[in-house]
Amino acid sequence: MTKLEKLHQEIIACRACPRLVEWREEVARVKRRAYRDWEYWGRAVPGFGDPNARLIIVGLAPAAHGANRTGRYFTGDRSGEFLMAGLHRAGFANQSRSDRIDDGLKLTDAFIVAAARCAPPDNKPLPEELARCAPFLDREMALLPGRVLLALGAIGWNAALASATRTGGVIPPPRPAFGHGAEFRLPDGRWLVGSYHVSQQNTQTGRLTPAMFDAVMKRIRALLDEGK
């Protein structure tokens with residue numbers, strides 16, 4: 001078993017946040033009517049993708065009836081449909097669909113992590129819950145060769161900055177602000193790039209369009225090519 005696999009087993013077993021444990025397990029027990037025949041995952045969700053990835057995607061948290069149901073980030077919900085279609089167009093995924101953990105999806109040169117590992121009520125983890133999850137993020141990213149971090153939303157952006165600081169980086173003021181297409185060179189040389197989150201709230205209102213996401217991915221590809 002690799003160090004990454006051992007870490008993932010530790011993440012899956014975590015019960016450090018009582019509120020999140022209660023919520024994730026209640027959702028898994030009650031279920032959504034459309035998924036009543038599913039056996040929900042109902043646990044903390046580890047990262048997934050290519051362990052040699054140069055691109056690390058930092059999300060917010062598992063969706064209650066997405067990753068909390070399927071056991072894999074951005075799988076089984078509309079956010080996953082949008083993200084995987086974009087990663088497929090950019091050459092980081094072998095297919096544009098992400099329906100279930102055994103659907104054949106493979107990421108190439110990309111790995112997905114999250115600021116929080118359990119589905120939170122209203123998709124809003126508390127600051128203390130993010131703090132408890134932070135060591136998992138630090139340890140997971142330390143085991144990946146990532147050269148570019150793609151933060152989906154402000155929470156992902158702030159989590160990536162905080163992780164860089166905790167692991168020895170000094171970020172001088174002013175603190176770089178999140179924005180769609182924002183870029184910041186971290187002290188260790190990696191690039192942090194921002195994108196609006198791929199939530200339905202953003203994609204169905206037109207705040208984030210496929211063209212906007214493609215533009216960010218094109219820039220990320222250029223940054224990765226520069227680092228060859």
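Residues numbered from 1 in each chain as written. Predicted model: local features only at pLDDT ≥ 70, side-chain atom pairs only at ≥ 80, totals over all residues. Heavy atoms only, no water.

Per an unreviewed UniProt entry, the chain goes by Type-5 uracil-DNA glycosylase and derives from Corallococcus terminator.

Caption draft 1: Inspection of the pairing of strand β6 (residues 191-195) at higher detail. Judged by how many residues are buried, β6 sits mostly within the fold: five of five residues are covered. Both faces of β6 are covered, namely the face carrying Trp-191, Val-193 and Ser-195 and the face carrying Leu-192 and Gly-194. Where strand β4 (residues 148-152) meets β6, five bridges bridge the pair, whose relative direction is parallel. In the strand pairing of β6, Ala-151 is matched with Gly-194. For strand β5 (residues 183-185) and β6, the ladder comprises three bridges, and the chain directions are antiparallel. Within the sheet, the bridge partner assigned to Arg-185 lies in β6 and is Trp-191. (Buried < 20%, exposed > 50% of the residue type's maximum accessible area, 1.4 Å probe, protein only. Helix = DSSP H or I, 4+ residues; strand = E, 2+ residues; numbered from the N terminus. Pairing = 2+ DSSP bridges.)

Caption draft 2: Looking closely at the nonpolar core. In terms of nonpolar packing, the biggest core is built from 32 residues, with Leu-55 and Leu-150 touching the most fellow members. Of all the secondary-structure elements, those providing two or more residues to this core are β2 (55-59), α4 (78-89), β3 (110-114), β4, β6 and α8 (210-226). Examining the composition of this core, we find that six residues originate from one element, α8, more than from any other. Not counting chain neighbours up to four residues away, the residues in contact with Leu-55 comprise Phe-92, Asp-109, Ala-110, Phe-111, Val-148, Leu-150, Met-217, Ile-220 and Leu-224. By size, the runner-up hydrophobic cluster in this structure holds 22 residues, among which are Ala-53, Ala-115, Leu-144 and Leu-192. (Core = buried A, V, L, I, M, F, W, Y, C linked by side-chain atoms within 4.5 Å. Contact = heavy atoms within 4.5 Å.)

Caption draft 3: Quick peek at the side chain of His-65. Among the structural elements, His-65 can be located in the loop between β2 and α3 (67-70). For His-65, a relative accessible area of 17% translates into the label buried. Beyond its immediate stretch of four places on either side in the chain, His-65 contacts Val-27, Lys-31, Arg-32, Tyr-35, Tyr-40 and Gly-76.

Caption draft 4: Local environment of the UniProt feature "domain: Uracil-DNA glycosylase-like" (unreviewed entry) in the chain. UniProt records the feature "domain: Uracil-DNA glycosylase-like" (unreviewed entry) at residues 46-217, using the numbering of this structure. Counting secondary structure, residues 46-217 comes out at 34% helix and 15% strand; the distance between its end C-alpha atoms is 23 Å. (UniProt positions renumbered as here; feature names shortened; annotations may be inferred.)

Caption draft 5: Region of interest: the packing of α4 against α8. Between α4 and α8, the least distance of the axes is 10 Å, while the angle of their chain directions is 50 degrees. Viewed along their axes, α4 and α8 adopt a mutual orientation that is oblique. At the point where α4 passes α8, the crossing takes the right-handed sense. Only Pro-210, Phe-213, Asp-214 and Met-217 of α8 make contact with α4, whose side of the interface consists of Phe-82, Leu-83, Gly-86, Leu-87 and Arg-89. (Axes fitted to C-alpha atoms, helices over the stretch in contact; angles between N-to-C directions. Parallel < 35°, antiparallel > 145°, perpendicular 65-115°, else oblique. Left-handed = near helix turned anticlockwise from the far one by under 90°.)

Caption draft 6: Here's a closer look at the packing of aromatic side chains. Evaluation of the coordinates by the stated rule reveals three aromatic pairs. Considering the side-chain rings of Trp-157 and Phe-178, the 6.0 Å spacing of their centres and the 65 degrees angle between planes classify their relative orientation as edge-to-face. Taken as a pair, Trp-157 in helix α6 (residues 153-166) and Phe-178 in the loop between α6 and β5 lie far apart in primary sequence, 21 residues in all. Given a relative accessible area of 1%, Trp-157 falls into the buried group. The class for Phe-178 is partly exposed, based on a relative accessible area of 26%. When the centroid spacing of 6.4 Å and the interplanar angle of 65 degrees are considered together, the rings of Phe-178 and Tyr-196 count as edge-to-face. With Phe-178 in the loop between α6 and β5 and Tyr-196 in the loop between β6 and α7 (200-203), the pair connects residues that are 18 residues apart, well separated along the chain. Its guanidinium or amino end placed over the ring of Trp-41, Arg-43 lies 3.8 Å from that ring's centre, counting from NZ or CZ. Positioned over the ring face of Trp-38 is Arg-69, at 4.4 Å from the centre of the ring. (Phe/Tyr/Trp six-rings, centres within 6.5 Å; stacked < 30°, edge-to-face > 60°. Lys NZ or Arg CZ within 6 Å of the ring centre and 35° of its normal.)

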